[in-house]
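Notes for the structure review
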Amino acid sequence: MTTATNAAGPRSIDTATELPVLTRVEGRAGYIVLNRPRAINALTLAMVRMITATLEEWRHDDRVQTVVLTGAGDRGLCAGGDIVAIYRDATSDQPAEQTASATFWREEYALNAVIESYPKPYVAIMDGIVLGGGVGVSAHGSHRVVTERTSVGMPETGIGFVPDVGGTWLLSHAPGQLGTHLALTAGSVAAGDALELGLADWFVESSRIPALLAALADTRPGAAIAAHASLAPPGPLVDDRDWIDACYHHDDVDAIITALRKHANPAAHEAAETLVTRSPTAMAVTLRALRSAGEFPDLVTALRQELRLVVRFLDCLDFAEGVRAAVIDKDRNPSWYPRRSDDVWPEDIDGFFVPLIHELTL
């Protein structure tokens, strides 16, 4: 056995039997470390099951008063899920609801719901890259910490997909139309804007994270974080709020693009040029999902809708094409069908929202 120290804190490592999720209890805190640093801790089904089992065990363990989530390595908390495995399911002949991806999503979303309703404080250290599924295991927590190295994103429309893991719930409840802007552009934001969007609560400089992790072992999370927190550098979204709210309030993607092009602010024009590179189908589904989620009573309802959408995207040509262009061939030149947002028919979008044979039950 050897010992390593990084942003995840000191931990024992058995190099012969390294696990993708490491857990330990120190003082009043239980620590969960996502431990696939070479893959930026991208989630697998085994990891989802290990985290879920740990949370259920600690739910009834009086020793554990606070749960703390970190990622091993220095690149980020979590870069999402295994997109290549999902691509294989999307290009197979297997019925979408029976794929390994559908099983993964069902259990991942169940974990997201557990985190959101967990009876004990759940501290997520959102240092470095936090994408897709990484948002799901962090941004539903009660205490969400970002650093100057944080980059939070929901990049789905850029690969012909839709924000999931409760992303439509989170972004639909962001101030004004900031969440709509982030979802449709498939952008990423730094710490200041993550706080503005409501995806995080505290800013702590990365150099202070080890001390914070140690403090959480014997101090209540609110007090421990406050003792190490500081003001985050401001992000651009605060200054961009006027044109974002003015242009993204429409319920039609083509109307949003038109409004962006007509606006006087050059940043709006840049956003329009970004949107025309995204999957028109994915944007239309995403926009409707955001508007729906904004009216839902709870996260679980949004997750149920998201499962319908992601399963249907396994049969959508744009998803396979988007992953091919971004990850498989890496030519960054997807050929969407249809190519233009004004060629997307509402009845085609309706089909994504039809209930599944086996709905998500939580």
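The present account deals with the structure reproduced in this document. Here, residues in each chain are numbered from 1, in the same order as that chain's written sequence. Only residues with pLDDT of at least 70 are given local features in this predicted model, and only at 80 or more are side-chain atom pairs given and counted; all residues enter the totals for whole chains, interfaces and linings. To get the side-chain values, take all heavy atoms of the structure and skip hydrogens and water.

Quick word on helix H3 (residues 100-116)
- Compared with the 24 Å implied by 1.5 Å per residue over 17 residues, the 25 Å span of H3 between its first and last C-alpha is a close match.
- Relative accessible area decides the class of each residue, using a 1.4 Å probe on protein chains only: under 20% of the type maximum gives buried, over 50% gives exposed, and in between gives partly exposed. Secondary structure follows DSSP: runs of H or I at least 4 residues long count as helices, runs of E at least 2 residues long count as strands, and numbering of each begins at the N terminus. Those residues of H3 that fall on the buried side of the exposure criterion are Ser101, Ala102, Phe104, Trp105, Glu108, Tyr109, Leu111, Asn112, Ala113, Val114 and Ile115.
- In this fold, the buried residues of H3 make contact with helix H1 (45-59), helix H2 (83-90), strand E7 (122-126), helix H4 (133-136) and helix H14 (299-313). Each residue after the first adds 1.5 Å to the expected span of a helix. Working rule for contacts: check all heavy atoms of both residues, and any pair within 4.5 Å makes them a contact.

Considerations on the nonpolar core
- Nonpolar cores are built from buried Ala, Val, Leu, Ile, Met, Phe, Trp, Tyr and Cys residues. Side-chain atoms within 4.5 Å join them into one set. In terms of nonpolar packing, the biggest core is built from 98 residues, with Leu34, Leu55, Trp105, Tyr248, Leu260, Phe313 and Phe319 touching the most fellow members.
- Leave out the neighbours within four places in its chain, and leucine 260 touches Trp243, Cys247, Tyr248, Ala268, His269, Ala271, Ala272 and Leu275.

Some thoughts on the sheet that holds strand E11 (residues 188-189)
- Two strands are counted as paired when DSSP detects at least two bridges linking them. Pairing is mixed across the open sheet formed by 4 strands, whose spatial order is E6-E8-E10-E11. Looking along the sheet, the strands with just one partner apiece sit at the ends: strand E6 (76-78) and E11.
- One ladder, built from 2 bridges, connects strand E10 (residues 151-153) with E11; its direction is antiparallel. Looking across to E11, one finds that valine 152 is bridged to valine 189.

Focus: the pattern of salt bridges
- Salt-bridge detection follows one rule: a side-chain nitrogen of Lys or Arg within 4 Å of a carboxyl oxygen of Asp or Glu. What the rule picks out here adds up to 17 salt bridges.
- A salt bridge links aspartate 201 to arginine 144; the shortest N-O distance between them is 2.8 Å. In this pair, aspartate 201 is assigned in the loop between helix H7 (191-197) and strand E12 (202-203) and arginine 144 in strand E9 (residues 143-146), connecting sequence segments 57 residues apart.
- Judged by relative accessible area, aspartate 201 falls into the partly exposed class, the value being 35%.
- Overall, the relative accessible area of 10% leaves arginine 144 in the buried class.
- Members of the salt-bridge network, linked through shared partners, are Glu321, Arg324, Asp329 and Asp331.

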